[in-house]
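Residue strings, one per chain:
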Amino acid sequence: MKKTLFKAFTGLFLASILLFSHNVNACTRVVYHGLNGTVLTARSMDWKDDIPANLWVFPRGIHRNGEVGKTSVKWTSKYGSVITSSWDIASSDGMNEKGLVGNLLWLAETSYPKFVKDKGKAGLSVSLWLQYVLDNFQNVQEAVDFLSKEEFVVVSSNIPGTDKFTTVHLSISDKTGDNAIFEYVDGKLVVHHDKSYVTMTNSPIFEEQLAIETYWKGIPGTIMLPGTNRAADRFVRASYYIDAIPKTDNTRVALASVFGVIRNCSVPLGISSETEPNISSTRWRTVADQKNLVYYFENVLNPNVVWVDFSKIDFSENGKVRKLSLSNNENYAGESSASFKDTKPFEFMGL
């Protein structure tokens, strides 16, 4: 029996290395299904270098365009949102006032459709992909139904000041616990839509992540869980713990449990490897309480968790764009909606 288990563990270890040894920046995302409508979505942002983040309040009624030229898709936001920005050029995480959550994670295997500026099909800069979803949809089903029509293409470019081409996939979840993942593979949009899709990391494509999950379900987590910071191991730990923690409607307990899961899947600050550039330190974490509409943010360089209670925010068309500056490690604690400042919106990265 011991030899059989050893062979199984060894085979899985080797398979994990082969499947997940890609040069990517590492993040993790999990969704918790509790009792009586308790749903929380957590993610970590892992990056090799500093990735300045700020919190923004966007009210309804903002006029936007896809920032890719004359054929940019245009819209007016139907729903207000609180988002985490990256470098104040993109929305990388957030929740809207209907409890729809979006998370952008790196995916090295991404291959976007061809796009010719100012000609042909409508386009949307990848920096606005998540924001478009939060602005326009109140649940996962609405987003899946519309985005599956592919009325526009997502357009990417290099991160400013680098030669790193932006390749991401998008996960969304809503207050019912429904989930969907959107990826561009070989130039085509692939949509994975199911309430059970509660865990996602970076590479490989989500279809292969599901294969890893199926394999590990045959091995009890109480006996063995992989412990490295590779994407495969983080995926397995996140999948196991998000299901193993107590199912409750006690928000305090659920929040503590979910933060414990996402911290367990994080990479300590300062950890890096010259031979494994895919290993990146966790820079910040978020947890979105989709039942009570509270958005939590944790900067690893600060000892405090900051949160925003949506009931204290004016999302109406008369509301203001507001910003909570965190990129210089400003220190806040607790419910911080009163600390946001009226601020001119940042300009989304485009072509």
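Residues numbered from 1 in each chain as written. Predicted model: local features only at pLDDT ≥ 70, side-chain atom pairs only at ≥ 80, totals over all residues. Heavy atoms only, no water.

Focus: the packing of aromatic side chains
Throughout the structure, instances matching the rule amount to 19 aromatic pairs. Seen in terms of ring centroids, Phe58 and Phe346 are 6.0 Å apart; in terms of plane orientation they differ by 55 degrees. Their pairing is tilted. Remark: Phe346 occurs in the segment after strand 20 (341-342) and Phe58 occurs in strand 3 (residues 53-58); sequence separation between them is 288 residues. When its relative accessible area of 9% is taken as the criterion, Phe346 is described as buried. In this structure an aromatic cluster arises from ring pairing among Trp75, Tyr132, Phe137, Phe146 and Phe152. Between Arg64 and the ring centre of Phe58, over which it is positioned, the NZ or CZ distance is 4.7 Å. (Phe/Tyr/Trp six-rings, centres within 6.5 Å; stacked < 30°, edge-to-face > 60°. Helix = DSSP H or I, 4+ residues; strand = E, 2+ residues; numbered from the N terminus. Buried < 20%, exposed > 50% of the residue type's maximum accessible area, 1.4 Å probe, protein only. Lys NZ or Arg CZ within 6 Å of the ring centre and 35° of its normal.)

Considerations on the sheet that holds strand 18 (residues 322-324)
In space, the nine strands of this open sheet follow the order 13-12-11-8-7-6-3-18-20, with antiparallel pairing throughout. The two strands at the open ends of the sheet, each matched to only one other strand, are strand 13 (188-193) and strand 20. Bridge analysis of strand 6 (residues 81-86) against strand 7 (residues 90-96) gives six bridges, and the strand direction is antiparallel. Counted as the bridge partner of Thr84 is Asp93 from strand 7. Against the sheet, helix 2 (residues 129-136) touches strand 3, strand 6, strand 7, strand 8 (101-106), strand 11 (168-173) and strand 12 (179-185), its axis set at about 25 degrees to strand 7. The strands that helix 3 (residues 140-147) touches are strand 11, strand 12 and strand 13; relative to strand 12, the one it contacts most, it runs at about 25 degrees. (Pairing = 2+ DSSP bridges. Contact = heavy atoms within 4.5 Å. Axes fitted to C-alpha atoms, helices over the stretch in contact; angles between N-to-C directions.)

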